[in-house]
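# Structure at a glance
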Amino acid sequence: MSRALKIMLVAAEASGDALGAGLARALKTRLGADLVLVGIGGPRMAAEGITSPFDIADLSIHGWLEGLKAYGLVKQRVGDATALATREQPDAVVLIDSWGFTIRVARALRPLMPGVPLIKYVGPQVWASRPGRARTLAAAVDHLLALYAFDAPWFEREGLPTTVVGSQALHVDMSGADPAAFRTARGIAPDAPLLLVLPGSRPSEIRLMTPVYAETVARLKASTPDLQVAVVVAGTVAANVRAQIADWPVEAHLVEEDEKYAAMKAATVALATSGTVSTELALAGAPMIIAYRFQPLSYAIMRPFFTGKYATLFNHAADEEIAPEYIQKDATPDKLVAAIERLLDDPAALEDQSRRQTEALDLMGREGRDPSEIAAEAVLGVIDRRSAG
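Below is a summary of the structure that appears in this document.

About the cut-offs
- Residues numbered from 1 in each chain as written.
- Predicted model: local features only at pLDDT ≥ 70, side-chain atom pairs only at ≥ 80, totals over all residues.
- Heavy atoms only, no water.
- Helix = DSSP H or I, 4+ residues; strand = E, 2+ residues; numbered from the N terminus.
- Expected span 1.5 Å × (residues − 1).
- Buried < 20%, exposed > 50% of the residue type's maximum accessible area, 1.4 Å probe, protein only.
- Contact = heavy atoms within 4.5 Å.
- Core = buried A, V, L, I, M, F, W, Y, C linked by side-chain atoms within 4.5 Å.
- Polar contact = N/O pair within 3.5 Å; in protein donor to acceptor, adjacent residues only side chain to side chain.
- Pairing = 2+ DSSP bridges.
- Axes fitted to C-alpha atoms, helices over the stretch in contact; angles between N-to-C directions.

### As for helix α5 (residues 99-112)
Since the α-helix advances by 3.6 residues per turn, residues separated by three or four positions end up pointing in the same direction. Across its 14 residues, α5 extends 20 Å between first and last C-alpha, which sits within 8% of the 20 Å expected from 1.5 Å per residue. Turning to α5, its buried residues number three or more, namely Trp-99, Phe-101, Thr-102, Ile-103, Val-105, Ala-106 and Leu-109. Packing partners of the buried residues in α5 comprise β1 (5-11), α4 (71-88), β3 (92-96), β4 (118-121) and α6 (133-140).

### So, the nonpolar core
Residues Ile-7, Leu-9, Tyr-121 and Leu-196 are the most contacted members of the largest nonpolar core, which totals 68 residues. Among the elements that make up this core, the one with the highest residue count is helix α17 (residues 371-388) (eight residues). Each residue touching Ile-7, except ones within four places of it in the same chain, is listed here: Leu-27, Leu-35, Val-36, Leu-37, Val-38, Pro-90, Ala-92, Val-94, Val-379, Leu-380 and Ile-383.

### Regarding the environment of Gly-22
Mapped onto the fold, Gly-22 is located in helix α1 (residues 14-31). Expressed as a C-alpha distance, the spacing of Gly-22 and Ile-206, which sit 184 residues apart in the sequence, is 26 Å.

### Topic: the side chain of Ser-98
Counting through the fold element by element, Ser-98 comes out in the loop between β3 and α5. For Ser-98, a relative accessible area of 9% translates into the label buried. Other than its neighbours up to four places away in sequence, Ser-98 contacts Ala-12 and Glu-13.

### Details of the side chain of Thr-210
With respect to the secondary-structure elements, Thr-210 resides in helix α9 (residues 203-223). A distance of 2.5 Å separates a polar atom in the side chain of Thr-210 from the backbone oxygen of Ile-206. Setting aside anything within four residues of it in sequence, one finds Thr-210 in contact with Pro-199, Glu-205, Gln-244 and Trp-248.

### Some remarks on the sheet that holds β4
In spatial order, the strands read β2-β1-β3-β4-β5-β6; together these six strands make up an open sheet with parallel pairing. One side of each edge strand has no neighbouring strand; the edge strands of this open sheet are β2 (35-40) and β6 (162-164). Each adjacent strand pair in this sheet contributes to an overall mean axis angle of 20°, direction not counted. Summarising the sheet, β1 and β2 pair through six bridges and their orientation is parallel. Within β2, the position partnered with Leu-9 by the bridge is Gly-39. Sheet strands in contact with α1 are β1, β2, β3 and β4, and its direction is about 165° off that of β1. With respect to the sheet, α5 is in contact with β1, β3 and β4, its orientation differing from that of β3 by roughly 160°.

Below is the structure:
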């Protein structure tokens with residue numbers, strides 16, 4: 001290679017930052033000094049040498065109304081991303097997750113850099129809602145890196161070449177996670193019931209879900225006095241979560257990112273805001289209850305576009321509600337308490353749900369190569385084909 005290959009990675013929230021960091025490592029392993037990485041991301045991508053021109057925390061937006069409120073900021077950040085690409089002139093741009101932001105970046109870059117391949121890493125969940133986004137994406141980018149085999153046909157039907165790379169969440173190494181040590185360090189008896197709460201990774205999720213969880217936990221503690229509670233404080237919303245938990249009427253053990261997997265393994269049952277964390281919980285063997293609330297007006301606008309039966313990926317893969325889901329008006333303390341108590345009171349139900357969750361992961365493609373390696377290979381393949389063409 002006569003010069004170093006320059007690749008731009010763009011991520012706008014914590015999950016994309018993690019994917020971008022994994023892809024960056026895999027690309028560096030393959031190319032070494034023949035690679036220059038630029039882009040936009042969070043702390044994990046920064047640790048791989050990618051300096052972001054702005055803090056991505058404000059772009060962690062979910063819901064139509066929230067998107068409208070943040071439109072001015074999003075437009076500004078799209079301009080920042082476009083300016084960075086124009087200045088750096090990368091050989092390819094990889095746009096990671098964050099549909100609302102990255103599709104705008106793709107549309108802005110296409111006329112400015114028609115010869116540069118645009119690669120989307122993680123497509124929108126068109127199987128769950130708004131299937132027309134598959135056609136929109138096909139018109140905006142050159143290649144898709146999909147997480148699951150059931151994603152691919154939706155986009156290939158629209159003429160978008162797609163590589164199924166697998167989900168990094170299915171390949172998390174939990175071998176070093178020690179549930180016994182986690183309990184011991186916090187004075188939690190080995191046989192004490194432990195509820196692990198995972199409130200989410202977006203500010204809107206923390207705002208909408210933590211009040212529901214606070215009341216749920218208080219009721220559970222009243223009916224089960226020996227119940228222990230732990231709460232995961234995730235990434236960019238950690239300070240927000242700590243502030244919310246400080247006002248809870250029940251004492252909760254705070255769990256940092258580096259202890260998350262040990263906590264998952266130690267948990268008797270988990271209460272989780274819908275997201276990729278459900279896959280990690282299933283890998284850890286933790287039976288879970290899933291909840292989610294949107295801002296009411298956003299939900300009213302979005303509801304007609306929901307076409308999938310389930311929000312949880314392994315439920316979708318199995319075509320069965322293995323992990324109970326409580327969405328919007330169903331995400332109430334009454335229903336969450338009842339669902340959690342059912343599991344806490346029935347060890348056989350706990351074991352059965354854990355087993356069925358694990359079986360569903362196999363349907364999602366748990367076995368196989370590391371997704372970051374496959375993604376890096378696919379990115380370089382797209383660049384090679386474009387160069388040859």
